[in-house]
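Breakdown of the fold
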Amino acid sequence: MKYYLIAGEASGDLHASHLMKEMKNIDSEADFRFLGGDLMQAVGGTLVRHYREMAYMGFIPVLLHLRTIFRNLRQCKDDIAQWKPDVVILVDYPGFNLKIAKYVHSQLHTPVFYYISPKIWAWKEYRIKNIKRDVDQLFSILPFEVPFFEQKHHYPIHYVGNPTADEVRKFKSGYAENFEQFCSRNNLDRRPVIALLAGSRKQEIKDNLPAMIEAAQSFGDYQLVLAGAPSIDDDYYATYIQGQPVTVVHNDTYPLLSHATAALVTSGTATLETALFGVPQVVCYETPVPWLISFLRKRIIKVKYISLVNLIADREVVTELVADTFKVENIRRELGLLLPGQPEREQMLQGYDEVQTALGNQIAPEQAARMMYLGVRGKG
């Protein structure tokens, strides 16, 4: 069968590539055409446009590139119409993909499947109308999305498992390096480790890392190890860690978490990864105009939490220091409560067990590929 996929960001490229691999295992005649990236291209098929030409984030960049965005939309619609796929599979990236879904549904009458559902539970809940109208099947990687869509909005959704949980399980099953070997390979001393996961974007690092270091260096029995993001070079990190007791490790986040005693983590997937490795954490996220963000969280933003750990557990398993609570003294205090011997540490680890149970053991791309294949064939 012919599969047309659209992924507009690096994370979508990753998830879509795994889905395509599983599709090939199920459908030996799978033919792919896609907007995506290098990982999808490595699986095979025809790359129509790279996500680097599409990924505009934030109000000003979008405004400046409106002509390009509209051109990409028009060309994508024309390409789908000419290729005549059996199904269009959208991967996250809702601003672009929901517009494509509307066109495909109304003009081409081709099935539309959505993998990694739009996070309308946090923002822009009105998009549920578009999803109900234009998306034939929705595939979720977050278990709490099921009651949101099915109970609140009466729209059926498939929870297929969580790719991050898949990746952590796979890593753990093959990782055999002990603490001594890890330290030797990264030129570390033998003190226990406090891991710093300060984000993957320069602005996140600028906002969060200095306070993380100031708070964590109070614990002199521990060494501070920073997980270097692939897109950030050493010169940028040097601005913040020069003269500080911090060591950077690159491409080693999972080994670092395997050996860390505790962690300071920005919001995002890293909070879930840290939980799945059983590392107690404090979630730290500095924001501009803290009082305004605090107000918006209480009055406008739809979710109670910013970390995936708490969202999945539906309670505060990890402490979130965000906006007006993001202060060095707060980070220091909460970190101290998570070190060995503290009851708060054991309570958090028990909460992690709840998160693991909620995520389940399904292999997300495998489950989604099977359901999609059967769905197109009219058997699902």
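Each remark here, short or long, concerns the structure printed above.
These lines cover the structure that appears in this document, whether it is placed above or below.

Conventions adopted
Residues numbered from 1 in each chain as written. Predicted model: local features only at pLDDT ≥ 70, side-chain atom pairs only at ≥ 80, totals over all residues. Heavy atoms only, no water. Helix = DSSP H or I, 4+ residues; strand = E, 2+ residues; numbered from the N terminus. Rg over C-alpha atoms; globule rule 2.2 N^0.38 Å. Buried < 20%, exposed > 50% of the residue type's maximum accessible area, 1.4 Å probe, protein only. Contact = heavy atoms within 4.5 Å. Areas by Shrake-Rupley, 256 points an atom, 1.4 Å probe, with all protein chains shown as cover. Core = buried A, V, L, I, M, F, W, Y, C linked by side-chain atoms within 4.5 Å. Salt bridge = Lys/Arg side-chain N within 4 Å of Asp/Glu carboxyl O. Phe/Tyr/Trp six-rings, centres within 6.5 Å; stacked < 30°, edge-to-face > 60°. Lys NZ or Arg CZ within 6 Å of the ring centre and 35° of its normal.

**Points about the overall build of the chain**
Each helix and strand in the chain was counted, giving 18 helices and 13 strands. Here the C-alpha radius of gyration of the chain, 22 Å, is about what a compact globule of 380 residues would show, namely 21 Å. Projecting the C-alpha coordinates of the chain onto the three principal axes gives extents of approximately 65 × 45 × 40 Å. Within the chain, the fraction of its 380 residues that count as buried is 52%. Intrachain contacts of the chain at a sequence separation of at least 6 include 64% that bridge at least 24 residues. Roughly 17800 Å² of accessible area belongs to the chain as shown, and the carbon and sulfur atoms make up 51% of that amount.

**Observations regarding the nonpolar core**
Judged by nonpolar contacts, the single largest core of 130 residues is most densely connected at Tyr 3, Leu 5, Ile 89, Tyr 115, Leu 196 and Leu 209. By residue number, the principal contributor to this core is helix H10 (residues 202-216), which donates seven residues. With sequence-adjacent residues up to four places away left out, Leu 196 is seen in contact with Leu 209, Met 212, Ile 213, Ala 216, Leu 224, Val 225, Leu 226, Ala 227, Val 246 and Leu 264.

**Comments concerning the pattern of salt bridges**
Summed over the entire model, instances satisfying the criterion amount to 13 salt bridges. A salt bridge links Asp 134 to Arg 133; its shortest N-O distance comes to 2.8 Å. Overall, the relative accessible area of 1% leaves Asp 134 in the buried class. Given a relative accessible area of 40%, Arg 133 falls into the partly exposed group.

**Overview of the packing of aromatic side chains**
The full count for this structure, using the stated rule, is 12 aromatic pairs. Both rings, one in Phe 171 and one in Tyr 175, keep their centres 4.7 Å apart while their planes meet at 25°; by these two values the pair is stacked. Clustering of aromatic rings is evident, with ring pairs tying together Phe 171, Tyr 175, Tyr 254 and Phe 277. Over the ring of Trp 83 we find Lys 2; its NZ or CZ atom is 4.7 Å from the centre of that ring.

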